[in-house]
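For reference, the chains in residue letters:
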Amino acid sequence: MIAEIDEPIVRFENVGLRYGLGPEVLRDVSFALHPGSFHFLIGESGAGKSSLLKLIYLALRPTRGAISLFGRDIAATPRDALPPMRRKVGVVFQEFKLLNHLSAFDNVALPMRVARAKRKEVEKHVTELLAWVGLKDHMKARPPTLSGGQQQRVAIARAVISRPSLLLADEPTGNVDDQMGYRLIHLFEELNRLGTTVIIATHSQQLVERLGYAQLKLADGDLSVIPGRVQPEGLSPVADRVDGAAKGAQETKISAPDSAEQPAAEEDRFRDAPGVENYL
Amino acid sequence: MILASRSDLPLDRDEHSRFLPWLIAFMVFLSILAVAGMLMLYATASRWDAGVRGTFTVQVVPTEDAAADEARLNEVLTVLATAPEIARYDALDESRLMRLLEPWLGAGAERGDLPLPRLIDVELKQGTDLTAANLGQRLSGRVKGVTIDDHRVWLDRLVRMIETFEALALVVLLFIVLATVGTVVFTTRTGLAIHREAIEVLHLIGAHDNYIARQFARRALGLGVLGGLLGLGLALPTLWMLAYLAASLDERLLPDIGFGLWHWGLLVALPVSVALIAMTTAKVTVLRNLARML
């Protein structure tokens, strides 16, 4: 489901942000992201990456300038209309922000419940997605009892469960080893291939160079856009990509259960990102 | 609402709201006592009112001459006997009069020691509009020194007193409501602070304010109902005890409560109202708080 290329999914115009009376964290930031695009958001820590993401997922309002999301000017949007927009944005928070008193299942189910999905739907989709990320045997576990990598997968499952049009991830590879990091990035690529616009904030220059997607670079509050050498596949016609995903689907169905503790099997699952179509 | 009692926030594990049911129980207890007292006063007043309405006390003021007084009394009684509006009349005899005065004069007082008026209880037929003034006119033509008391002054005072108590009870109720609202606001705010991070997540995931507020409202309703039942459980035995005391005491002092179904219904409605107040307060508090978020 690829929207019109011309209509940006996120548009910033001369956006400035300051906290209280402090200096401007972001200065005259302007850019537009098109549906299906894949961007890295880079910059030193403290450059304003998280602030920029917060502006996009509507946790902050800009001090000046205009932001539009899905073609709607945020400043002109009544407060009541914001929740449905937030539901179209999936966020993988840097510190996961899982609810510790809820099971993995309930954490992932939250976005669907908030959107008043039917109980059976919730049951079906959450079970499928958790199985797909290798947490089939941990559905009832509470986040504190899970490992960092498992928590991260719960957080990602929660971000993608309601098939967001826009996926934001704040340092998703920050807390995990390189191998896991690439696995996760691969998952995001798979989602992007299906039409989700992706923005990943990272400080890993290695990751950015290896994948070669376009970059939004923040330095001292100024943003510059560096075009990528790779076109995200989400922007191109999807037809030629279908085979890969379909092939992988069978493999996971065999390997998914009981393999959560085996890194090799886990990697396969992420590499092929099979079954994405099944739950999405 | 649809999702029964499932909650995304662990509100039922909050330590700080544990005291709420007890506080609400206390409030419900007080409100039931206040309202029961009000109903009792009201019942008493109407009983007294009904007791003296349509009755007069005719007083034949005494003079030096006892024989003449007796003649005047008979004259009055003849007038009363011929009045078509009067259902019954009864001249109090001397011994009864002395008994009434006994508390002041002592048991040994003699009739002759002091001039006593003669009193006649008069009971009107229902639906007549004979006033004390009318009857006075009729009597004054034939007998001198007769006064008629329709108890208006005494009744008016009684009514004023009862109205004061009712106003007091209403003030007590108002305070109870304010205290309940204040406590629930405080408890809810604490809950909001404790669960700030979880609420933020729900908010960012796209939960409407109502979705979050409903969880707090449901919790407050639960605690309110529990508190209401506790309060009712405390108040009912107290009322029964009062009723028992009233029945065993001089019944003219404290009439037995004699509540009808309507009264009990009103008393049971109190805990229900307090629980609903708690729920609404929690909901409004959360909504107002969330409105500050983007």
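Fair warning: this is a prediction, and the values are worked out from it, not measured in the lab.

### Concerning the overall build of chain B
- Secondary structure summary: chain B contains eight helices and four strands in total.
- In sequence order, chain B lays out its α and β elements as α-β-α-β-α-β-α-β-α-α-α-α.
- Relative to its length of 294 residues, chain B is extended, with a C-alpha radius of gyration of 31 Å against a globular reference of 19 Å.
- Each principal axis of the C-alpha distribution contributes one length, and for chain B these read about 100 × 40 × 30 Å.
- By residue count, 26% of the 294 residues in chain B fall in the buried class.
- Counting only contacts in chain B whose residues sit at least 6 apart along the sequence, the fraction spanning at least 24 positions is 86%.

### Here we look at the overall build of chain A
- Helix and strand counts for chain A come out as ten helices and ten strands.
- When the 280 residues of chain A are sorted by exposure, 45% land in the buried category.

### A short note on the pairing of strand 6 (residues 89–92) of chain A
Residue and element names in this part refer to chain A.
- Every second residue of strand 6 is oriented toward a common face, with Val89 and Val91 on one face and Gly90 and Val92 on the other, all of them buried.
- Here strand 6 runs beside strand 7 (residues 166–170); their pairing, made up of four bridges, is parallel. Within strand 7, the position partnered with Val89 by the bridge is Leu166.

### Comments concerning the confidence of the model for chain A
All names here are of chain A.
- For chain A, the mean per-residue pLDDT works out to 81, and 80% of the residues sit at or above 70.
- pLDDT under 50 marks residues 1–5. Its contacts with residues more than four places away, or in other chains, come to seven contacts.
- Contacts of residues 236–280 to residues separated by more than four positions or lying in other chains number 60 contacts, the stretch itself having pLDDT below 50.

### Observations regarding the packing of helix 5 (residues 152–194) of chain B against helix 8 (residues 261–290) of chain B
All names here are of chain B.
- Following both chains from N to C, one finds helix 5 and helix 8 inclined at 45°, their axes separated by 9 Å at the closest point. As judged from the angle between their axes, helix 5 and helix 8 are oblique. The handedness of the crossing between helix 5 and helix 8 comes out as right-handed. Facing Val177, Thr180, Val181, Val184, Val185, Thr188, Arg189 and Leu192 of helix 5, the residues of helix 8 in contact are Val274, Ile277, Ala278, Thr281, Ala282, Thr285, Val286 and Asn289.

### With respect to the sheet that holds strand 7 of chain A
Residue and element names in this part refer to chain A.
- Strand order across the open sheet formed by six strands is 6-7-8-3-9-10, with mixed pairing between neighbours. A single partner strand is all that each edge strand has here, and the edge strands are strand 6 and strand 10 (222–226). Strand-to-strand twist across the sheet, computed as the mean angle between neighbouring axes with direction ignored, equals 15°.
- Pairing of strand 3 (residues 38–42) with strand 8 (residues 197–201), which is carried by four bridges, proceeds in the parallel orientation. Bridged to Leu41 within strand 8 is Ala201.
- Each of strand 6 and strand 7 touches helix 5 (residues 148–160); the most contacted strand, strand 6, lies at about 170° to it.

### Thoughts on the domain arrangement of chain B
- Assigned domains of chain B: these are domain 1 (11–49 + 155–290) and domain 2 (55–149).
- Each of domain 1 of chain B and domain 2 of chain B has a C-alpha centre, and these two points are 52 Å apart.

### Things to note about the environment of Met40 of chain B
- Tracing the sequence through the fold places Met40 of chain B in helix 1 (residues 20–52).
- Distance in space between the C-alpha atoms of Met40 of chain B and His263 of chain B is 9.9 Å, their sequence separation being 223 residues.

### Side note on the interface of chain A and chain B
- The interface is formed by 19 residues belonging to chain A together with 14 residues belonging to chain B.
- Those elements giving two or more residues to the side of chain A that touches chain B turn out to be helix 2 (82–86) and helix 3 (104–114) of chain A.
- Take the side of chain A that touches chain B: its biggest share by element is four residues, from helix 3 of chain A.

### A look at helix 8 of chain B
Residue and element names in this part refer to chain B.
- Taking 1.5 Å of rise per residue, 30 residues should cover 44 Å, and helix 8 covers 43 Å from first to last C-alpha, within 8% of that figure.
- Regarding helix 8, the residues found buried are Leu267, Leu270, Pro271, Val274, Ala275, Ala278, Met279, Thr281, Ala282, Lys283, Thr285 and Val286.
- Residues of helix 8 that are buried sit in contact with helix 1, helix 5 and helix 7 (209–248).

### Structural notes on the nonpolar core
- Within the largest apolar cluster, 111 residues are counted, with the highest numbers of intra-cluster contacts made by Val108, Leu130 and Leu168 of chain A.
- A total of 13 residues in this core trace back to one element, the largest contributor, which is helix 1 of chain B.
- Not counting the four nearest positions on each side in its chain, Leu168 of chain A is found in contact with Leu53, Ile56, Tyr57, Val89, Val91 and Ile199 of chain A.
- Counting ten residues, the second-largest nonpolar core is a separate cluster that includes Val58, Val76, Leu80 and Val122 of chain B.

Each value, and the rule that gives it
Residues numbered from 1 in each chain as written. Chains lettered and ligands numbered in written order. Predicted model: local features only at pLDDT ≥ 70, side-chain atom pairs only at ≥ 80, totals over all residues. Helix = DSSP H or I, 4+ residues; strand = E, 2+ residues; numbered from the N terminus. Rg over C-alpha atoms; globule rule 2.2 N^0.38 Å. Buried ≥ 20, exposed ≤ 12 C-beta atoms within 10 Å, placed from the backbone. Contact = placed C-beta atoms within 7 Å. Pairing = 2+ DSSP bridges. pLDDT = per-residue confidence, 0-100. Axes fitted to C-alpha atoms, helices over the stretch in contact; angles between N-to-C directions. Parallel < 35°, antiparallel > 145°, perpendicular 65-115°, else oblique. Left-handed = near helix turned anticlockwise from the far one by under 90°. Domains from an automatic or database assignment. Expected span 1.5 Å × (residues − 1). Core = buried A, V, L, I, M, F, W, Y, C linked by C-beta atoms within 7 Å.

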